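An overview of the molecular structure
Residue strings, one per chain:
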Amino acid sequence: MNTSRVSMNNRVDHRDVNPMAESSNNSAAMIVPVVLIGVVGAGIAFYRQPTVSDTIAPVVVDESHVIDRAIDQAHATLPTGSSQLGMAERHLLLRLNDSLERRLEVAGGLYAIASTHLHAGRAPEAMRVAQVCADLAPGSLLEARCWILCGHASAVTHPDLPLSIRYYERADASLGERLQQSPDDHETLRLRASAGLWLAQTKDRFGRSEEAIQHLRELTANTSLAQAQQPADRLQTLLTLGLLLHKTGLGGPAARVLSEAQELGLSESVPAPEALHALVDTTRRQWPEITDPARQNALRQLWNTPRFQHLPEWFPVGDELASAYFFAEPRQLADFEMVSRELLTSLPGVLASLPDDSEQRAELESLYATNLLLAVDSAHARSDTSEVARLVTLFETQFQGRDIQFATPLDRPAQRMHRISEIYRTSMTGHVEQLRQIHATGTAPR
């Protein structure tokens, strides 16, 4: 990590002091020459103007090291409650003095407090503390990080107002000033690239598409700023730019940018969970209609990519494909069976590894139940009674004594949910009766 340095200049007052004050005593002129020469020699040394080597050496502080150390130490010991964080903040501020290093240490601790507030959902407190922190470290990377944090927080506190744009722009300006002094500082370049991406995405959200495209083009050009981006950020930049070009009617350039993004996302450069999430989100935004063949083709490519398989984010892709094949007219039975079989084989192990009260487990259980029901109906249609019995047993074992919340994404037609409910009532009669008894007596049957 490149480190930038901040120095505190110490002023030294040089006074013109004459130790050989004039005397009215004329006898001073009678001093023997030998003594006078000695005094003059001493006087020359005394009156010599101070050189650079005589001045006090400036205090040099490794800014990045001090701040990063303070943030790490604070995160290791900070509480999460609002009142406890308030006490920690006051304790830090009481430690302030004229030392540059102490000021940076306090600023780093305050940044840790601000980010903890934000992660806990207390965005107004996060913004307040971050602004105090920014004032303590002007011109530093930490100042820019504080304005970025304020941008994130204001998007929560005022989602309908473009206040976050102001904070991201302030961070961008601060980083731009640093780059004028050190154009090749990698940390500054990387942070400015991240700020530029958030700024572009926010401007797009508030309808300022042309400005957003300009920011994104700068981040995709052959510049040191673009080259400083992390692969995951570059993927987001390409996807955002591609969607914006598509939305503004520039189909050709959009296709080229999205193709580059797809190639990057499928490579090993970007961590698999981040790449899959970004590619799935872009696919659904580019083709909002679930019946669009282009959307299904894109999802199928992600489903068949080995490095994504069995990630928690991978199963909803299979669920959408299985549902699309099942409800197609005519039903695409072979494609449905292929995806459904993989889902029903892989999901139980993943469910067993998740905590019982996990939100992710609840979502995947709903997905598992839905696909068990679709598989039962498919087996009924081909008169495979043994497969029907096996699937029913799987369902009743997995959900014994428990109700199951069947969830469906908002972009799926409601009639699909109605059909799934009908399959449940007619196929899982044992489970239906079990739940009826639980509701009637308040206890699960033994």
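Here the structure is a predicted model, which is why all the values come from computation and not from measurement.

Some remarks on the overall build of the protein chain
- The number of helices and strands found in the protein chain is 20 helices and two strands.
- Per-residue burial over the protein chain gives 43% buried out of 446 residues.
- In the protein chain, the proportion of contacts linking residues at least 24 apart, taken out of those at least 6 apart, comes to 65%.
- Total accessible area on the protein chain stands at roughly 24,500 Å², and carbon and sulfur atoms take up 53% of it.

A short note on the pattern of salt bridges
- The tally for this structure, following the rule as stated, stands at 29 salt bridges.
- Residue R102 is joined to E105 by a salt bridge in which the shortest nitrogen-to-oxygen separation is 3.5 Å. Highlighted residues: R102 and E105, both in helix α4 (residues 100-119), separated by three residues, approximately one helical turn.
- For R102, a relative accessible area of 26% translates into the label partly exposed.
- For E105, a relative accessible area of 18% corresponds to the buried category.
- For the salt bridge of D172 with R192, the shortest nitrogen-to-oxygen distance reads 2.9 Å. Of the two residues, D172 sits in helix α7 (residues 163-181) while R192 sits in helix α8 (residues 186-205), which places them 20 residues apart along the sequence.
- Linked by salt bridges that have partners in common, R69, R95, E101, R102 and E105 make up one network.

Some details on the packing of aromatic side chains
- As enumerated under the stated definition, the model contains nine aromatic pairs in all.
- On the basis of an interplanar angle of 15° and a centroid distance of 6.3 Å, the ring pair of W147 and Y167 is categorised as stacked. Of the two residues, W147 is situated in helix α6 (residues 141-157) and Y167 in helix α7; the sequence distance between them amounts to 20 residues. By the burial criterion, W147 is buried, and Y167 matches it.
- When the centroid spacing of 6.4 Å and the interplanar angle of 25° are considered together, the rings of Y168 and W198 count as stacked. Of this pair, Y168 sits in helix α7 while W198 sits in helix α8; the two residues are 30 residues apart in sequence, bridging distant segments of the chain.
- Given a relative accessible area of 4%, Y168 falls into the buried group.
- An aromatic cluster is present here, built from Y368, F395, F399 and Y424 joined pairwise through their rings.
- A cation over an aromatic ring shows up here: R145 above the ring of Y111, its NZ or CZ 4.7 Å from the ring centre.

Remarks on α8
- The terminal C-alpha atoms of α8 lie 29 Å apart, and with 20 residues this matches the ideal 28 Å at 1.5 Å per residue to within 8%.
- Most of α8 is tucked away, with 14 of its 20 residues classed as buried.
- Positioned one or two residues after α8, G207 has a phi angle of 80°, which is positive.

A look at the environment of E187
- Relative to the helices and strands, E187 resides in helix α8.
- With 123 residues separating them in the primary sequence, E187 and S64 have C-alpha atoms 9.9 Å apart.

Examining the nonpolar core
- Core analysis: the biggest nonpolar cluster contains 73 residues, and L235, F308, F315, L343 and F395 have the highest contact counts within it.
- Looking at which element gives the most residues to this core, the answer is helix α17 (residues 359-381), with ten residues.
- In contact with F315, other than residues within four places in its own chain, are H310, L343, S346, L347, V350, L364 and L367.
- With 44 residues, the next largest nonpolar core counts V106, L118, M127 and L191 among its residues.

Some points on the side chain of S323
- With respect to the helices and strands, S323 occurs in helix α15 (residues 314-327).
- Contacts of S323, omitting those with residues within four sequence positions, involve L374, R412 and R416.

Re the packing of α4 against α6
- It is the contact of α4 with α6, at a shortest axis distance of 11 Å, that shows an interaxial angle of 15°. Looking at the two axes, α4 sits roughly parallel to α6. In the packing of α4 onto α6, the handedness of the crossing is left-handed. Seen from α4, the contacting residues are A107, G108, Y111, A114, S115 and L118; seen from α6, they are L142, R145, C146, L149, H152 and A153.

Structural notes on α15
- Its 14 residues give α15 an end-to-end C-alpha distance of 21 Å, which sits within 8% of 20 Å, the value for a rise of 1.5 Å per residue.
- Within α15, burial applies to W314, F315, V317, G318, D319, E320, L321, A322, S323, A324, Y325 and F326.
- Contacts made by the buried residues of α15 are with α13 (272-286), α14 (293-303), α16 (333-353), α17 and α19 (414-427).

Here's the deal with the packing of α19 against helix α20 (residues 429-441)
- Axis separation between α19 and α20 bottoms out at 5 Å; the angle between their running directions is 85°. One finds that α19 runs roughly perpendicular with respect to α20. Residues Y424, R425, T426 and S427 of α19 lie in contact with α20, whose contacting residues are T429, H431, V432 and L435.
- Looking at the contact of α19 with α20 residue by residue, the classes come out as three nonpolar, four polar and one charged.

Looking at the state of the cysteines
- Under the defined criterion, the tally for this structure stands at zero disulfides.
- There is no disulfide at C133, and the cysteine sulfur nearest it, in C146, is 3.2 Å away.
- For C150, which is in no disulfide, the shortest distance to another cysteine sulfur is to C146 and amounts to 6.9 Å.

Regarding unusual backbone geometry
- Between E329 and P330 the backbone carries a cis peptide bond, its omega angle lying at -5°.
- With respect to the helices and strands, P330 occurs in the loop between α15 and α16.
- Positive phi, normally seen in glycine, also occurs at S383, with a value near 60°.
- Within the secondary structure, S383 is located in the loop between α17 and α18 (385-398).

Procedures and definitions
- Residues numbered from 1 in each chain as written.
- Predicted model: local features only at pLDDT ≥ 70, side-chain atom pairs only at ≥ 80, totals over all residues.
- Heavy atoms only, no water.
- Helix = DSSP H or I, 4+ residues; strand = E, 2+ residues; numbered from the N terminus.
- Buried < 20%, exposed > 50% of the residue type's maximum accessible area, 1.4 Å probe, protein only.
- Contact = heavy atoms within 4.5 Å.
- Areas by Shrake-Rupley, 256 points an atom, 1.4 Å probe, with all protein chains shown as cover.
- Salt bridge = Lys/Arg side-chain N within 4 Å of Asp/Glu carboxyl O.
- Phe/Tyr/Trp six-rings, centres within 6.5 Å; stacked < 30°, edge-to-face > 60°.
- Lys NZ or Arg CZ within 6 Å of the ring centre and 35° of its normal.
- Expected span 1.5 Å × (residues − 1).
- Core = buried A, V, L, I, M, F, W, Y, C linked by side-chain atoms within 4.5 Å.
- Axes fitted to C-alpha atoms, helices over the stretch in contact; angles between N-to-C directions.
- Parallel < 35°, antiparallel > 145°, perpendicular 65-115°, else oblique.
- Left-handed = near helix turned anticlockwise from the far one by under 90°.
- Nonpolar A, V, L, I, M, F, W, Y, C, P; charged D, E, K, R; others polar.
- Disulfide = S-S within 2.5 Å.

By themselves, these figures tell us nothing about what the structure is for.
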